[in-house]
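# Observations on the three-dimensional arrangement
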Amino acid sequence: MAHIPAATLGNKNKKHFLGVPAPLGYVAGVGRGATGFTTRSDIGPARDANDVSDDRHAPPAAKRKKKEEEEEDDEDLNDSNYDEFSGYSGSLFSKDPYDKDDAEADAIYESIDKRMDEKRKEYREKRLKEDLERYRQERPKIQQQFSDLKRNLIAVSEDEWANLPEVGDSRNKKQRNPRAEKFTPLPDSVLSRNLGGEATTAIDGRSGLASMIPGVATPGMLTPSGDLDLRKIGQARNTLMNVKLSQVSDSVAGQTVVDPKGYLTDLQSMIPTYGGDINDIKKARMLLKSVRETNPYHPPAWIASARLEEVTGKLQMARNLIMRGCEQNPQSEDLWLEAARLQPPDTAKGVIAQAARRIPTSVRIWIKAADLETEPKAKRRVFRKALEHIPNSVRLWKAAVEMENPEDAKILLSRAVECCGTSVELWLALARLETYENARKVLNKAREKIPTDRQIWTTAAKLEEANGNIHMVEKIIDRALSSLSANGVEINRDQWLQEAIEAEKSGAIKCCQAIVRAVIATGIDEEDRKQTWIDDAENCAKEGAYECARAVYSYALTEFPSKKSIWLRAAYFEKNHGTRESLEALLQKAVAHCPQSEVLWLMGAKSKWLAGDVPAARGILSLAFQANPNSEDIWLAAVKLESENAEYERARRLLAKARASAPTPRVMMKSAKLEWALNNLDEALSLLEDAVRVFPEFAKLWMMKGQIEEQKDMLERAAESYNAGLRRCPNSIPLWLLLAALEEKRNLLTKARSVLERGRLKNPKNALLWLAAIRIEIRAGMKDMANTLMARALQDCPNAGELWAESIFLEARPQRKTKSVDALKKCEHDPHVLLAVSKLFWSERKLQKCRDWFNRTIKIDPDFGDAWAYFYKFELQHGTEQQQQELIERSNAAEPKHGEEWCKVSKNIANWCFKTEDVLKAVVRNLPTPI
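Only a predicted model underlies this, so the values are computations on that prediction, with no experimental measurement involved. (Residues numbered from 1 in each chain as written. Predicted model: local features only at pLDDT ≥ 70, side-chain atom pairs only at ≥ 80, totals over all residues. Heavy atoms only, no water.)

Here the focus is the overall build of the protein. Of regular secondary structure, the protein possesses 49 helices and four strands. Burial analysis of the protein (931 residues in total) assigns 35% to the buried set. A separation threshold of at least 6 residues defines the contact pool for the protein, and within that pool the share at least 24 residues apart is 50%. Surface exposure of the protein reaches about 59200 Å², of which carbon and sulfur atoms provide 52%. (Helix = DSSP H or I, 4+ residues; strand = E, 2+ residues; numbered from the N terminus. Buried < 20%, exposed > 50% of the residue type's maximum accessible area, 1.4 Å probe, protein only. Contact = heavy atoms within 4.5 Å. Areas by Shrake-Rupley, 256 points an atom, 1.4 Å probe, with all protein chains shown as cover.)

Printed below as a string of structure tokens:
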């Protein structure tokens with residue numbers, strides 16, 4: 001057998017895969033179930049990361065932890081945690097590594113979610129807010145229902161807060177502690193009665209009653225043997241008190257310092273009134289003591305120390321301290337005055353007398369000395385003694401003069417002006433007490449002594465006026481100005497005007513007028529004269545100085561005779577504060593200087609007409625025609641004058657002439673209105689047909705045409721007229737309202753809503769159109785729709801008083817007060833809101849508050865007729881006849897023209913002749929009482 005080499009056998013048995021690279025993903029031993037392992041020389045993973053871990057050799061704690069994690073995973077992935085929409089509630093991949101791709105994917109998903117959330121955010125928040133508001137309206141919280149009562153808590157005072165009882169006070173003590181024992185000491189009268197049917201005045205010490213008596217030992221302690229006599233105990237107690245009082249009362253050399261009867265009252269008065277910390281008092285005492293010892297000649301330190309003791313209730317110590325201070329500082333009047341204040345009245349007199357001897361030149365000490373005296377004679381004696389020491393004190397002379405009768409006062413003042421020659425008050429007081437001749441001499445002497453004071457001159461002018469020397473008044477004022485200027489006194493215009501106002505208030509009319517004429521032009525630039533004088537007149541009128549204002553207007557009109565604005569202001573001033581005669585005299589001068597001013601002519605004619613002088617009014621208007629031919633206002637005033645006096649044919653002729661010579665829209669409207677008022681409807685319609693062809697932009701013509709057609713039951717034609725007017729006048733709110741009311745009258749609610757919607761589109765942010773739409777829904781019984789419209793309206797017109805006033809009464813009664821507060825915050829000075837608040841107080845029967853708010857309303861807007869009507873109805877129910885009559889007079893003076901309820905009556909053609917009082921009473925008949 002041939003020998004085969006070993007290397008050849010080795011090559012034959014060699015496997016085919018040896019030396020070949022391992023396939024992708026191959027792990028040695030996996031096929032036969034073996035697992036990889038790691039040695040210290042081979043650092044790195046020996047198996048795939050996805051291989052199942054082998055926990056056979058793991059510690060028990062690790063095995064338990066692994067088992068719990070598997071159970072949690074099973075719980076997360078079971079059927080109970082699965083939802084068809086969102087899947088498993090847990091994370092299926094929480095154990096996988098979170099790499100860069102995962103972070104990028106999460107960022108993308110998050111941005112998408114954020115974008116989708118923002119798209120619906122505004123709608124979602126709005127929807128949530130509406131749902132919340134609706135829920136709160138349907139089910140208000142208790143705190144909202146009591147919000148009006150909470151607001152009233154601001155009126156509760158501190159004392160009322162302090163008097164509020166705590167929870168579980170005395171009324172519940174019995175229930176809280178029913179078993180508590182109560183010990184009430186019995187009076188002697190009970191113990192002295194028959195106890196057990198036997199008369200006795202003693203009590204057994206071993207009994208329970210003995211413990212109720214002070215000083216009697218209780219059982220179980222050392223007690224005296226025998227019975228206790230209660231009467232003897234009481235007598236001994238009284239005897240002991242009398243002995244103590246006697247010892248105290250006789251302790252000072254027989255002088256009684258304690259009143260035995262008022263002993264307890266005195267004890268009560270000695271209780272300290274200071275409620276602060278006692279340590280603060282001690283610190284203050286130490287500090288003030290240090291100040292006194294450091295500088296005993298510092299009066300404020302002694303005063304502060306005395307007041308500290310006074311505050312803490314130690315009055316005697318305070319008196320002692322202040323008297324020591326007076327000894328150290330005998331020249332300090334503050335210390336002596338404080339000492340007199342702290343002492344009782346009798347002692348104070350001695351203290352102040354000592355002070356007057358130490359400081360005889362102190363006015364305050366002498367005044368205090370006079371105040372301490374009770375008898376007038378003693379007061380006079382003190383003042384005369386004081387004047388001997390201080391003859392130049394004006395204060396002392398004035399106080400002394402006040403104590404005397406006129407004759408003695410005259411003598412004193414004669415001496416006073418010698419001692420105090422520069423006191424204007426003393427000179428003027430003496431002049432007032434003297435006769436006319438002597439007063440003139442006194443004032444002349446005063447002018448020599450004090451050549452720079454204006455009051456002496458004005459007093460002299462008043463003196464001359466009071467004695468009938470009117471011609472001297474102007475001369476004295478002129479001399480006063482020249483004399484004061486010569487003595488270097490600046491002529492202050494405002495001060496002199498104030499002097500004129502004071503002169504008028506004292507009754508010196510000529511003096512005030514002379515002062516105004518003398519100083520009115522002083523210190524004013526040429527171009528500012530007119531406005532400055534108008535302001536001066538208005539300020540005088542505000543202060544009630546009507547003669548001064550009249551003098552200012554008179555001077556201004558002499559300087560500017562052709563200025564219509566000054567004539568008008570003067571005329572309105574006379575109308576408000578003057579008489580009819582003064583007004584007519586002024587207007588007569590005015591039209592002579594300003595014949596082209598129609599207003600002045602019309603005011604004169606109206607004044608004559610109101611006085612009942614119709615021919616004079618016609619004469620004024622005819623003169624006005626001559627000065628202002630073809631003037632629309634004068635034509636219409638003449639027509640009104642004739643129609644008010646039932647001269648209808650003359651009015652027709654005047655209107656016909658006016659249409660021929662001055663065909664204006666107002667003339668056409670007044671012509672049609674006259675025929676309509678006289679019930680000539682066809683003639684009125686004919687005039688209106690002609691008028692709307694010539695003046696299609698004048699909305700009132702279309703309104704009158706539609707209303708007359710409504711009156712004739714021609715509803716279709718009325719609707720056509722309103723629509724034609726709206727095509728020409730889309731901004732006329734009354735036209736939109738009339739058309740909507742007509743559609744509602746025809747039971748076409750949808751059409752009425754549509755009309756108002758179109759009106760709001762043409763005229764945005766208009767409160768009246770919103771209000772009409774809301775009321776249509778209320779009348780239709782759709783309150784929810786009305787509330788929705790109200791919310792939209794208040795968003796569109798947040799400051800509309802008409803809407804806020806309506807919204808108050810749309811709320812339920814508990815929420816009305818809260819709504820009214822919100823309305824007042826938005827529209828504090830709106831008459832509609834103020835009227836609504838007044839009606840709210842009326843419904844709550846708060847009558848005085850209601851009256852106050854009605855007065856506020858008509859003061860803010862006197863032209864608001866609804867407020868006058870509601871106020872008059874309120875006075876008819878709750879006021880007196882005098883209040884009702886006064887209100888009618890005030891409304892006649894104000895002549896209101898506007899207001900929803902007011903215009904329903906005043907604009908009704910059947911009431912075209914009504915005066916203000918007639919309209920007021922007619923409106924009141926149709927008004928409901930607020931509930």
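Continuing now.
A few words now on the side chain of Glu709. If you trace the backbone, Glu709 turns up in helix α36 (residues 699–711). Residue classification places Glu709 among the buried positions, given a relative accessible area of 0%. Residues within four places of Glu709 in sequence aside, it is in contact with Leu685, Met714, Arg717, Ala718 and Ser721.

Right, let's get into the packing of aromatic side chains. A full pass over the atoms with the stated rule returns ten aromatic pairs. Their ring planes at 45° and their centres at 6.0 Å tell us that Tyr648 and Trp912 sit as a pair that is tilted. Of the two residues, Tyr648 is situated in helix α33 (residues 648–661) and Trp912 in the loop between α48 (900–906) and α49 (916–926); the sequence distance between them amounts to 264 residues. With centroids separated by 6.3 Å and ring planes inclined at 75°, the aromatic side chains of Trp842 and Phe854 adopt a geometry described as edge-to-face. Here Phe854 lies in helix α45 (residues 847–860) and Trp842 lies in helix α44 (residues 831–843), a separation of twelve residues in the sequence. Members of the aromatic cluster, joined through ring pairs, are Trp842, Phe854, Phe871 and Phe874. (Phe/Tyr/Trp six-rings, centres within 6.5 Å; stacked < 30°, edge-to-face > 60°.)

Two packed helices can be described by the angle between their axes and the distance between those axes. Their axes nearest at 10 Å, the elements helix α17 (residues 376–389) and helix α18 (residues 394–402) cross at an angle of 155°. On the basis of their axis angle, the class for α17 and α18 is roughly antiparallel. The chirality of how α17 crosses α18 is left-handed. For the pair α17 and α18, the contacting residues are Phe383, Ala386 and Leu387 in the first and Leu396, Trp397, Ala399 and Ala400 in the second. (Axes fitted to C-alpha atoms, helices over the stretch in contact; angles between N-to-C directions. Parallel < 35°, antiparallel > 145°, perpendicular 65-115°, else oblique. Left-handed = near helix turned anticlockwise from the far one by under 90°.)

Here the phi dihedral of Asn679 falls at roughly 70°; this positive angle occurs in a residue that is not glycine. Here Asn679 lies in the loop between α34 (665–677) and α35 (681–694). What makes Asn679 exposed here is its relative accessible area of 54%. Positive phi, normally seen in glycine, also occurs at Lys765, with a value near 60°. Residue position: Lys765 is located in the loop between α39 (749–762) and α40 (767–779).

Among soluble globular proteins, nonpolar side chains are generally buried collectively. Of all hydrophobic cores here, the largest spans 127 residues; its most connected members are Ile365, Leu396, Trp496, Val516, Cys548 and Leu600. Per-element accounting of this core gives the leading share, seven residues, to helix α27 (residues 546–559). Core analysis: the next-biggest nonpolar cluster, separate from the first, contains 87 residues, Leu739, Ala836, Phe841 and Phe854 among them. (Core = buried A, V, L, I, M, F, W, Y, C linked by side-chain atoms within 4.5 Å.)

For helix α16 (residues 363–372), the complete set of buried residues consists of Ile365, Trp366, Ile367, Ala369, Ala370 and Leu372. In this fold, the buried residues of α16 make contact with α14 (333–342), α15 (345–358), α17 and α18. Two or three places before Ile365, at the start of α16, stands the capping residue Ser362, its side-chain oxygen 3.4 Å from that residue's backbone nitrogen. (Polar contact = N/O pair within 3.5 Å; in protein donor to acceptor, adjacent residues only side chain to side chain.)

This part covers the confidence of the model for the protein. Per-residue pLDDT for the protein has a mean of 79; in total, 80% of the residues score no lower than 70. Note on residues 169–181: pLDDT under 50 across the span, and three contacts to partners over four residues away in sequence or across chains. Contacts of residues 194–226 to residues separated by more than four positions or lying in other chains number 35 contacts, the stretch itself having pLDDT below 50. (pLDDT = per-residue confidence, 0-100.)

A separate point is a negative patch on the surface. A grouping of Asp99, Asp101, Asp102, Glu104, Asp106, Glu110 and Asp113 is seen on the molecular surface, where their side chains present a negatively charged patch. As for its position among the elements, Glu110 is in helix α3 (residues 100–138). Here Glu110 falls in the exposed class, since its relative accessible area comes to 58%. (Patch = residues over 30% accessible without salt bridge, like charges linked within 9 Å, V, L, I, M, F, W, Y side chains within 5 Å. Salt bridge = Lys/Arg side-chain N within 4 Å of Asp/Glu carboxyl O. Lys, Arg positive; Asp, Glu negative; His and termini not counted. Charge placed at Lys NZ, Arg CZ, Asp CG, Glu CD.)

Take the pattern of salt bridges next. The final tally for this structure, using the stated rule, is 50 salt bridges. A salt bridge links Glu309 to Arg285; the shortest N-O distance between them is 2.8 Å. Of this pair, Glu309 sits in helix α12 (residues 299–311) while Arg285 sits in helix α11 (residues 278–294); the two residues are 24 residues apart in sequence, bridging distant segments of the chain. A relative accessible area of 3% means that Glu309 is categorised as buried. Between Lys904 and Glu901 there is a salt bridge whose closest N-O contact spans 3.6 Å. With Lys904 and Glu901 both in helix α48 and three residues apart, the pair spans about one turn of that helix.

So, on to a nonpolar patch on the surface. Residues Ile108, Tyr109, Ile112 and Met116 make up a contiguous nonpolar surface patch of roughly 430 Å² in combined accessible area. Among the structural elements, Ile108 can be located in helix α3.

As a further point, take the packing of α34 against α35. Closest axis-to-axis distance for the α34/α35 pair is 7 Å, and the angle between their directions is 165°. Judged by the angle between their axes, α34 and α35 are roughly antiparallel. In terms of crossing hand, the pair formed by α34 and α35 is left-handed. Across the interface between the two elements, Met668, Ser671, Ala672, Glu675 and Trp676 from α34 touch Leu681, Glu683, Ala684, Leu687, Leu688 and Ala691 from α35. Residues that form the contact of α34 with α35 fall into these classes: eight nonpolar, one polar and two charged. (Nonpolar A, V, L, I, M, F, W, Y, C, P; charged D, E, K, R; others polar.)

Before going further, it helps to examine α44. Compared with the 18 Å implied by 1.5 Å per residue over 13 residues, the 18 Å span of α44 between its first and last C-alpha is a close match. With twelve of its 13 residues buried, α44 lies for the most part within the structure. Among the residues of α44, Pro831, Val833, Leu834, Leu835, Ala836, Val837, Ser838, Lys839, Leu840, Phe841, Trp842 and Ser843 are the ones counted as buried. Of the surrounding elements, those touching the buried residues of α44 are α42 (801–810), α43 (813–826), α45 and α46 (865–878). Just beyond α44, the residue with positive phi is Arg845, at close to 65°. (Expected span 1.5 Å × (residues − 1).)

So, about the side chain of Gln884. Within the element layout of this structure, Gln884 appears in helix α47 (residues 881–894). The residues touching Gln884, leaving out its near neighbours within four places in the chain, are Tyr872, Glu875, Leu876 and Gly879.

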